[in-house]
Amino acid sequence: MAVSAVARDTVFALRRQIAKIEGTLPERLQAPPGCAPGIAQNQTSSDAAGPDMTIVRPGLAVASADAFLHTGIDRLDAALGGGLPKAALSEIHGLETRDAGAVAGFALSLVSLVLREKQGLPILWVGTTEIFHEAGMPYARGLHALFGVEPGQLLFSEAPKLLDALWIAEEAARMTAFAAVILEIRGSPRLLDLTATRRLHARARSAGRPLLLLRQAGEADPTAAPVRLIVSAAPAASRETLAGPLAGSIGRPAFKVDIGKSRTALPGQFTLEWNPNEHAFAERTENSVAVVSASGRGADPAPASGAVLAFPALASPAVASAASGDQPSRQQHPAHRSPRRAG
């Protein structure tokens, strides 16, 4: 019996090594608590694994469902192999600077899900002076209203250099006093290489806490993050009422989420809405564009903008009369004496 147990452990270790070479998540190859390695290896389907386990790859291993942060979207969680790994480095990538708000909002949505389990623990947001000046900082009242995050729960650390920000994030990632750590970086700096991200990933794994790497306006460079999600803003749908969609209204914030990289998932695209009342995601399948509501003063639309400037064009009659010595027309008076309109 002891020889059989040793043989099972040896086979399990060999399969873990093979899976590591193939690129499978090492943290998902741990035998779940209460499950012997041999039993885990013999599973070949999700039905055999049971409701509280997730198959990483048939015939290789299973992991406990508690190892993942569930987004609440079954299709997305299934595509990610159970959800985002809790004890790991996860990359949230914004392709352009204008996506910074959507990336930050999506990260705060994930933080709101994390705080359900880690109530009372703070969140540390680390960034460089450059990114905070470029993208700004979250608004405290908006944090509570949209994500249920108390202003005192979100701590910020502004570092003058990227090297300092990496050091702060690495030290904070190993601490269990934080529910999660966010590291926001702009561009594609050389310091953020495989070695640096491997250290961050190792610290997050040892502490059992998620570390979110926000990449703003950077290239999709190789990192040690097992999952990379590419996030941008999606058009908001109309606001739902008891009578149906309210025409001309703007509904909940929406995100377009692409699976850019995953060691256990295929690429996919999802449109998610964030419910600020329930603090939960909802998937939207149809593409509906929000329309700005009409003016409260009346139903008549505003007049179309014209081409009237402070000074008319050179070929206008006013300029011609001025050249002939006549008094300047009203359009030629200084701009502060008449309104300026630009088309």
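Our structure's up above, just so we're on the same page.
Residues numbered from 1 in each chain as written. Predicted model: local features only at pLDDT ≥ 70, side-chain atom pairs only at ≥ 80, totals over all residues. Heavy atoms only, no water.

(A) Structural detail: unusual backbone geometry. With a phi close to 55°, Ala217 is a non-glycine residue in the positive phi region. For Ala217, the position within the fold is in the loop between β9 (211-216) and β10 (227-234). Despite not being glycine, His279 shows a phi value in the positive range, around 55°. Mapped onto the secondary structure, His279 falls in the loop between β14 (269-275) and β15 (280-283). (Helix = DSSP H or I, 4+ residues; strand = E, 2+ residues; numbered from the N terminus.)

(B) Structural view of the side chain of Arg228. On the secondary structure map, Arg228 appears in strand β10. A relative accessible area of 7% places Arg228 in the buried class. Ignoring sequence-local partners within four residues, the contact set of Arg228 consists of Glu91, His93, Ala220, Asp221, Pro222, Thr223, Asp258, Ile259, Gly260 and Lys261. (Buried < 20%, exposed > 50% of the residue type's maximum accessible area, 1.4 Å probe, protein only. Contact = heavy atoms within 4.5 Å.)

(C) Molecular detail of the environment of Ser238. Topologically, Ser238 is positioned in the loop between β10 and β11 (239-241). In the structure, Ser238 is positioned twelve residues away from Ile250 in sequence and 5.1 Å away in space, judged by C-alpha atoms. Excluding residues that lie within four positions of it along the chain, Ser238 makes contacts with Pro245, Leu246, Ser249 and Gly251.

(D) Structural detail: the nonpolar core. Ranked by size, the top nonpolar core spans 40 residues in total, and within it Ile92, Phe106, Leu110, Leu229, Val231 and Phe281 carry the most contacts. For Val231, the residues in contact, after removing those within four places along its chain, are Ile92, His93, Gly94, Asp99, Ala102, Val103, Phe106, Phe255, Lys256 and Val257. Judged by nonpolar contacts, the second largest core, of 21 residues, contains Val126, Leu192, Leu200 and Leu213. (Core = buried A, V, L, I, M, F, W, Y, C linked by side-chain atoms within 4.5 Å.)

(E) Local environment of the pairing of strand β6 (residues 123-128). Counting buried positions over the six residues of β6 gives six, a clear majority of the element. The two faces of β6 match: Ile123, Trp125 and Gly127 on one face and Leu124, Val126 and Thr128 on the other face are all buried. Here β6 pairs with strand β7 (residues 154-159) via six bridges, running parallel. Each residue of the ladder has a partner; that of Gly127, found in β7, is Glu158. (Pairing = 2+ DSSP bridges.)

(F) Representation of the packing of aromatic side chains in the model. Inspection of the entire model under this criterion finds six aromatic pairs. Relative to Phe255, the ring of Phe106 lies with its centre 5.7 Å away and its plane at 70°, an arrangement referred to as edge-to-face. Of the two residues, Phe106 is situated in helix α5 (residues 100-114) and Phe255 in strand β13 (residues 254-262); the sequence distance between them amounts to 149 residues. Taken individually, Phe106 and Phe255 each receive the classification buried, so the pair is uniform in this respect. Three or more aromatic residues joined by ring pairs make a cluster, and in this case those are Phe106, Phe147, Phe255, Trp274 and Phe281. (Phe/Tyr/Trp six-rings, centres within 6.5 Å; stacked < 30°, edge-to-face > 60°.)

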